[in-house]
Amino acid sequence: MNNRALLIYAPEDIEKNKWFADRLVELASDHGIRMKMMTSRELKDRLTSAQAVPGNGLLSAAVINFLDCISFVINRSRDEELSLFFEKHGIPSYNNSETVRLGNDKLLEHGFFRKLGLPVMETACGDALEEEIPFGPPFIVKHRRGHGGSQVFKAGSYAEALELMGPSKDKWIIQKMCDEPGCDLRLYMLGGRVIAGVLRRSEEDFRSNFSLGGKAELISPDPGICGQAEKIAESLGADYIGIDLIRHGGSFVFNEIEDAVGARMLYEVTDLDVAGMFMKHIYEKTFQN
Ligand SMILES: Nc1ncnc2c1ncn2[C@@H]1O[C@H](COP(=O)(O)OP(=O)(O)O)[C@@H](O)[C@H]1O
Ligand SMILES: [Mg+2]
């Protein structure tokens, strides 16, 4: 058994995820695995410099040696190219590249939910924004690759929404505002199963993100919703994700998939050791299949 692994973070996420990352490294070590934490930038630099075989596009001996020792990667960097690279060389990525690709693009998520026949908010994007959109204000304007609520805005008119998006409109989506703003349901999914449901509420903001001050409460989600969420995780082959729903028309609608889902809120409201559960899942899936 190769006893090395990589844990990859975007450089800007390392600091705030340090506790969880250190815990994963420690747990890997309990399983006899030397897991090294790297930023996506360090990893790309290393692969690019070592791969520099003039002209022929083959992997250099240095990269082959590097890959030979690695049994899996945990990719928390939101960069699907890295997951794809490792998968192409037979090394599993947690989450897999499809989950990383989809779970970091709100437009693709929306299309995926619709394809599965799940309820969603009305949404417009890209070219459609040149025309009259088929629903009225207030609008919720979101960057396709945003997270943590930092690139989610409310607009009172279409003109205001267009202004918020700036020149690259295809990087944004516009959504109808749900009729119960300020709350959402986060389902934590591990190995295709719901392990916890947390209701988040904000008194001050239409955004209920925990990182923006939303209050969290552990709940037992409806089995019907859990079944739908399991369908999503199963279709993607996702390992550890969050699935978020918002309230509209008296029921829940699917809002987003969180690929690099955090664990802070879960540690706060449950006794679950999600890092331990995640590492056990990875170990069993990688070595005991
Ligand atoms: N269509 C909507 N109507 C009302 N509130 C919304 C809508 N979409 C998102 N929100 C609120 O904004 C928060 C952040 O939006 P979200 O799509 O989850 O982006 P992020 O990935 O940045 O968390 C959500 O948790 C929810 O509370
Ligand atoms: Mg969110």
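Numbers given to residues run from 1 along each chain, matching the order in which its sequence is written. Chain labels run from A onward and ligand labels from 1 onward, assigned in the order the entries are written. In keeping with the predicted nature of the model, local features appear solely for residues at pLDDT of at least 70, side-chain atom pairs appear and are counted solely at 80 or more, and the whole-chain, interface and lining totals rest on all residues. The basis for every side-chain value is the complete set of heavy atoms in the structure, and neither hydrogens nor water enter the calculation.

### Considerations on the overall build of the protein chain
To qualify as a helix, a DSSP run of H or I must reach at least 4 residues; to qualify as a strand, a run of E must reach at least 2; elements of each kind are numbered from the N terminus. Per the secondary structure count, the protein chain includes 10 helices and 13 strands. We take the radius of gyration over the C-alpha atoms and set the globule estimate at 2.2 Å times the residue count to the 0.38 power. Taking 289 residues into account, the globule formula puts the C-alpha radius of gyration at 19 Å, and the protein chain, at 20 Å, falls close to it. For the C-alpha atoms alone, the extent of the protein chain along its principal axes is close to 60 × 50 × 35 Å. Burial here depends on accessible area, computed with a 1.4 Å probe over protein chains only, as a share of the maximum for the residue type. Under 20% is buried, over 50% is exposed, and the range in between is partly exposed. Within the protein chain, the proportion of its 289 residues that are buried is 49%.

### A closer look at the site of ligand 1
Working definition: residue near molecule or strand if any one of its non-hydrogen atoms lies within 4 Å of it. The full set close to ligand 1 counts 21 residues, and K106, K142, G149, S208 and E256 are the nearest of them. Here a polar contact means two N or O atoms within 3.5 Å. Within protein one must be a hydrogen donor candidate and the other an acceptor candidate, and residues neighboring in sequence count only if both atoms are side-chain atoms. G148 has a polar backbone atom sitting 3.3 Å from an oxygen atom of ligand 1. The protein chains shown are the only cover counted for residues, whose accessible areas, like all others here, come from Shrake-Rupley with a 1.4 Å probe. For ligand 1, the protein covers 99% of the area, taking 550 Å² as the surface of the free molecule. For every domain, the bounds stem from an assignment made automatically or drawn from a database. Here the shell around ligand 1 spans two domains, since at least three of its residues come from each of domain 2 (122–176) and domain 3 (183–277).

### Details of the environment of G242
Tracing the chain through its elements places G242 in strand β12 (residues 240–248). When its relative accessible area of 0% is taken as the criterion, G242 is described as buried. The spacing of G242 and I91 is 151 residues in sequence and 23 Å in space, taken between C-alpha atoms.

### What to know about the domain arrangement of the protein chain
What the domain assignment reports for the protein chain is domain 1 (4–94), domain 2 (122–176) and domain 3 (183–277). Inter-centroid distance (C-alpha atoms) of domain 1 to domain 3 is 27 Å. Residue contacts follow a heavy-atom distance rule, with two residues in contact if any of their heavy atoms lie within 4.5 Å. In this complex, domain 1 contributes 11 residues to the contact, which on the side of domain 3 involves 14 residues. Note on terms: buried area is the combined drop in 1.4 Å-probe accessible area of two parts once they are placed together, counting the loss on both. Taken together, the two surfaces of domain 1 and domain 3 that pack against each other cover about 900 Å², and 54% of this comes from carbon and sulfur. A per-residue breakdown of the area domain 1 buries against domain 3 is headed by F20, R76 and R78, which together make up 50% of the total. Put simply, a salt bridge is a Lys or Arg side-chain nitrogen that is within 4 Å of an Asp or Glu carboxyl oxygen. Linking domain 1 with domain 3 are two salt bridges.

### Brief notes about the sheet that holds strand β9 (residues 183–190)
Think of a sheet as strands paired side by side through backbone hydrogen bonds, with each pair either parallel or antiparallel. Paired strands, as defined in this entry, are two strands with at least two bridges between them according to DSSP. In spatial order, the strands read β11-β10-β9-β12-β13; together these five strands make up an open sheet with antiparallel pairing. Since the sheet does not close on itself, it has two edges, and those belong to β11 (215–219) and β13 (251–258), each with one partner. Between one strand and the next, the sheet's axes are offset by a mean angle of 30 degrees, whatever the strand orientation. Across seven bridges, the pairing between β12 and β13 is antiparallel. Within β13, the position partnered with D244 by the bridge is E256. Only the stretch in contact is used when a helix axis is fitted, and all axes are lines through C-alpha atoms; the angle between N-to-C directions ranges over 0 to 180 degrees. Packing against the sheet, helix α8 (residues 223–236) makes contact with β9, β10 (193–201), β12 and β13, and its axis sits at approximately 25 degrees to β13. Docked against the sheet, helix α10 (residues 274–287) engages β9, β10 and β12, running at close to 40 degrees with respect to β9.

### Re the pairing of strand β6 (residues 139–143)
The buried count for β6 comes to five of five residues, which makes it a mostly enclosed element. Across four bridges, the pairing between β6 and strand β7 (residues 152–155) is antiparallel. Note on β7: the bridge partner recorded for F139 is A155. In this structure, β6 lies alongside strand β8 (residues 172–176), joined through five bridges in antiparallel fashion. Across the sheet, the residue bridging to F139 is K176, located in β8.

### A closer look at the nonpolar core
L24, M35, F72, I74 and Y240 are the most contacted members of the largest nonpolar core, which totals 29 residues. Elements that contribute at least two residues to this core include exactly β1 (4–9), α1 (18–30), β3 (70–76), β9, β10, α9 (264–269) and α10. Among the elements that line this core, the one with the most residues is α10, at six residues. When residues of this core are sorted by domain, at least three fall in each of domain 1 (4–94) and domain 3 (183–277). Counting 21 residues, the second largest nonpolar core, distinct from the first, contains L187, L199, I241 and F252. In this text, buried Ala, Val, Leu, Ile, Met, Phe, Trp, Tyr and Cys residues form a nonpolar core when linked through side-chain atoms within 4.5 Å.

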